[in-house]
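Each chain, letter by letter, is given below.
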Amino acid sequence: ALFNRCDTRSVMNEESSAFAQYPARAVVDLSAIADNLAVLKQSAPTAIQMAVVKADAYGHGILPVAMTALEAGASWLGVAQLGEALALRYALDEAGVAREKAPILTWIAPSGADWAQALEADLDLSVSWTWVLAQICAAARETGKKARIHVKIDTGMSRAGSTLADLPALASAVRMARNEGLVEVIGAWSHLSRADDPSDEGNASTASHVQFFEAGCAILAQAGIRPELRHLSATSGILWHPEAHYDMVRAGIGMYGLSPDPAVASASDLGLRPAMTLQAPLTSVKVIEEDTPASYGGTWRSPSRRWVGLVPLGYADGILRAGSNGAPVFVNTDREPIRTHIVGRVCMDQFIIDLGPASGEASLPTGRTENAPAQVGDGVILFGDPATGAPLADEWATQAGTINYEIVARLGERIPRLYIGTTRREENRS
């Protein structure tokens with residue numbers, strides 16, 4: 001498995017066929033993952049750390065990131081979808097990771113889910129409603145395995161979670177299930193909806209969420225339910241709301257080296273290092289004449305005679321079409337790097353970038369172009385660590401009118417991931 005290798009060149013050699021067949025790659029620096037967890041630990045030093053690896057670890061690759069997080073000191077793993085949590089458990093089993101060393105909390109499953117399989121996989125399960133608890137209890141009777149549950153409290157986001165009005169009935173049902181030996185209450189938990197908002201209104205919202213959570217925990221206590229772990233904070237709460245740290249915190253976007261709100265503080269301000277660099281080679285470099293349209297719809301026309309390049313990534317790879325006509329890129333050339341941007345619309349499999357004005361040069365069929373600012377094969381970085389000159393995922397998010405979470409999390413599966421960096425396990429072996 002790639003996550004057990006620390007030598008970049010060996011990984012590239014062994015996976016060369018995959019990269020040859022698909023030219024783009026997402027390079028994931030596992031050492032950045034570990035370093036970012038250490039930075040977040042400094043903000044919540046007394047709380048247990050859960051590494052949230054849902055959505056294929058925000059597009060970074062669930063198994064390599066999970067392994068790295070555990071080796072870096074995270075005590076828990078968090079995965080939203082039950083199916084993904086099961087796949088992670090079996091992958092960790094195959095990798096030789098003891099289940100007691102890698103507890104996994106999962107919190108989204110449909111009615112009638114295979115709860116028996118979840119219990120056999122030793123997954124921790126979120127419970128928001130009495131009907132979910134009833135199904136889990138039925139699976140516990142069927143398997144003879146006690147379910148490990150975390151009671152979810154709706155603190156004001158109106159998603160999953162029991163409201164304070166409904167919580168007494170759920171707490172009573174949980175107590176009966178516990179007394180029957182069907183469940184073990186491991187946690188009480190919820191989410192903060194505006195922890196990244198430093199305005200007076202945002203801080204008031206967070207304070208309200210904390211109050212609701214405290215009230216929910218009090219209701220559980222009145223029913224004789226005292227969970228081992230209370231957890232409310234994700235990255236924003238870790239960084240900016242120490243009053244919401246409780247027993248465990250959930251490291252999400254910050255673990256991947258991105259700020260939960262760059263308007264409040266950038267990744268660099270927070271001491272975080274982006275773990276993913278998305279890159280692809282130029283597959284075409286040519287001259288187009290003044291007022292020539294680019295891509296579908298002709299939404300951009302060259303303001304002068306220009307050099308343009310073609311990059312083999314598109315919206316089928318998760319590159320947002322909303323990044324058309326402006327998303328930044330960085331081109332490494334033999335001369336000097338070029339910071340430029342997309343022109344025209346992002347297509348399904350490729351997009352065009354502006355490489356600057358052309359005078360009397362002409363394109364050549366050999367793939368190399370005389371006096372061109374860049375050449376076919378030169379590497380284009382869409383986003384990555386700004387210390388290398390690469391644009392941040394934040395810049396793509398601004399162009400697309402979204403958040404950096406979406407830029408990395410929706411990256412397509414067909415893009416190969418290349419893992420670099422040394423984990424603690426590798427260091428211990430050397």
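Refer to the preceding data block for the structure.
Residues numbered from 1 in each chain as written. Predicted model: local features only at pLDDT ≥ 70, side-chain atom pairs only at ≥ 80, totals over all residues. Heavy atoms only, no water.

**Brief notes about the overall build of the protein**
Here is step 1: When helices and strands are tallied, the protein shows 15 helices and 19 strands.
Here is step 2: Here the C-alpha atoms of the protein give a radius of gyration of 25 Å, agreeing with the 22 Å that 2.2 N^0.38 yields for 430 residues.
Here is step 3: Along the first, second and third principal axes, the C-alpha set of the protein runs to 85 × 50 × 40 Å.
Here is step 4: In the protein, which comprises 430 residues, the proportion classed as buried is 54%.
Here is step 5: A fraction of 70% describes how many contacts in the protein between residues 6 or more apart in sequence connect residues 24 or more apart.
Here is step 6: Element-wise, carbon and sulfur atoms account for 49% of the exposed surface of the protein, whose accessible area totals about 17,900 Å².
Here is step 7: Counting 36 positive and 48 negative side-chain charges, the protein places the centres of these two groups 3 Å from one another. (Helix = DSSP H or I, 4+ residues; strand = E, 2+ residues; numbered from the N terminus. Rg over C-alpha atoms; globule rule 2.2 N^0.38 Å. Buried < 20%, exposed > 50% of the residue type's maximum accessible area, 1.4 Å probe, protein only. Contact = heavy atoms within 4.5 Å. Areas by Shrake-Rupley, 256 points an atom, 1.4 Å probe, with all protein chains shown as cover. Lys, Arg positive; Asp, Glu negative; His and termini not counted. Charge placed at Lys NZ, Arg CZ, Asp CG, Glu CD.)

**With respect to helix H9 (residues 167-179)**
Here is step 1: With 13 residues, H9 should reach 18 Å at 1.5 Å per residue; the first-to-last C-alpha distance of 18 Å fits that figure.
Here is step 2: Where H9 is concerned, the buried positions are Leu 167, Leu 170, Ala 171, Ala 173, Val 174 and Ala 177. Within H9, the buried residues cover an arc of 165° as seen down the axis, which keeps them to one side. Those residues of H9 that are exposed and angled more than 90 degrees off the buried face are Met 176 and Asn 179.
Here is step 3: Where the residues of H9 are buried, they touch strand S5 (124-127), helix H8 (130-143), strand S6 (147-152), strand S7 (183-189) and helix H10 (200-222).
Here is step 4: Downstream of H9 by a residue or two, Gly 181 has a phi angle that is positive, lying close to 80°. (Expected span 1.5 Å × (residues − 1). Arc of directions from axis to C-beta.)

**Description of the sheet that holds strand S14 (residues 306-311)**
Here is step 1: One open sheet accounts for nine strands, arranged S11-S14-S17-S16-S15-S18-S10-S1-S19; its pairing is mixed. A strand with exactly one partner marks an edge of an open sheet, and here the two such strands are strand S11 (284-288) and strand S19 (417-420). When the angles between neighbouring strand axes are averaged without regard to direction, this sheet yields 35°. (Pairing = 2+ DSSP bridges. Axes fitted to C-alpha atoms, helices over the stretch in contact; angles between N-to-C directions.)

**Comments concerning the pairing of S6**
Here is step 1: Buried residues dominate S6, accounting for five of its six residues.
Here is step 2: In this structure, S5 lies alongside S6, joined through four bridges in parallel fashion. Along S6, the bridge assignment pairs Asp 124 with Arg 148.
Here is step 3: Between the parallel elements S5 and S6, the chain passes through H8 in a crossover that is right-handed.
Here is step 4: Bridging between S6 and S7 involves six bridges; their strand directions are parallel. Paired with Ala 147 across the bridge in S7 is Val 183.
Here is step 5: In this fold, the crossover linking S6 to S7 by way of H9 has right-handed handedness. (Right-handed = clockwise from strand over helix to strand, strands pointing away.)

**With respect to the pattern of salt bridges**
Here is step 1: Applying the stated rule across the entire model yields 17 salt bridges.
Here is step 2: Here Arg 273 makes a salt bridge to Asp 29, at a shortest N to O gap of 3.0 Å. Of the two residues, Arg 273 is situated in the loop between helix H12 (267-270) and strand S10 (276-281) and Asp 29 in strand S1 (residues 25-29); the sequence distance between them amounts to 244 residues.
Here is step 3: Taking relative accessible area as the criterion, Asp 29 reaches 16% and is therefore assigned buried.
Here is step 4: We note a salt bridge from Asp 124 to Arg 148, for which the minimum N-O separation is 2.7 Å. Taken together, the residues Asp 124 in strand S5 and Arg 148 in strand S6 connect sequence positions 24 residues apart.
Here is step 5: Note on Asp 124: relative accessible area 1%, which makes it buried.
Here is step 6: Residue classification places Arg 148 among the partly exposed residues on the basis of a relative accessible area of 27%. (Salt bridge = Lys/Arg side-chain N within 4 Å of Asp/Glu carboxyl O.)

**Things to note about the side chain of Asp 394**
Here is step 1: Looking at the secondary structure, you find Asp 394 in helix H13 (residues 393-400).
Here is step 2: Buried charge without a partner: Asp 394 forms no salt bridge, and the closest opposite charge is Arg 339, 10 Å away.
Here is step 3: Side-chain polar atoms of Asp 394 contact the side chain of Asn 404, separated by 2.8 Å.
Here is step 4: In contact with Asp 394, other than residues within four places in its own chain, are Leu 258, Pro 262 and Asn 404. (Polar contact = N/O pair within 3.5 Å; in protein donor to acceptor, adjacent residues only side chain to side chain.)

**Regarding the environment of Leu 272**
Here is step 1: Within the secondary structure, Leu 272 is located in the loop between H12 and S10.
Here is step 2: A sequence separation of 113 residues divides Leu 272 from Asp 385, and the C-alpha atoms of the two residues are 9.8 Å apart.

**Some words on H13**
Here is step 1: Inspection of H13 places Ala 393, Asp 394, Trp 396, Ala 397 and Ala 400 among the buried residues, and these make up the whole buried set. The buried residues of H13 occupy an angular sector of 160° when the element is viewed end-on, so they sit on one face.
Here is step 2: Residues of H13 that are buried make contact with strand S15 (328-331), strand S16 (338-343), strand S18 (379-383) and helix H14 (404-409).

**Regarding the pairing of S1**
Here is step 1: Across the five residues that make up S1, a large majority, five, are buried.
Here is step 2: Of the two faces of S1, the one lined by Arg 25, Val 27 and Asp 29 and the one lined by Ala 26 and Val 28 are each fully buried.
Here is step 3: Bridge analysis of S1 against S10 gives four bridges, and the strand direction is antiparallel. Bridge pairing in S10 links Val 28 to Met 276.

**Here we look at the side chain of Gln 49**
Here is step 1: Of note, Gln 49 is situated in strand S2 (residues 48-52).
Here is step 2: Of note is the side chain of Gln 49, whose polar atom sits 3.2 Å from the backbone oxygen of Leu 37.
Here is step 3: Among residues more than four places away in sequence, those in contact with Gln 49 are Leu 37, Leu 40, Lys 41, Ala 74, Ser 75, Trp 76, Val 249 and Ala 251.

**Some points on the packing of aromatic side chains**
Here is step 1: Counted according to the given criterion, the structure contains five aromatic pairs.
Here is step 2: An aromatic cluster of three or more residues is present, and its members are Tyr 58, Tyr 256 and Tyr 405.
Here is step 3: The side chain of Lys 152 reaches across the aromatic face of Trp 189, ending 4.4 Å from its centre. (Phe/Tyr/Trp six-rings, centres within 6.5 Å; stacked < 30°, edge-to-face > 60°. Lys NZ or Arg CZ within 6 Å of the ring centre and 35° of its normal.)

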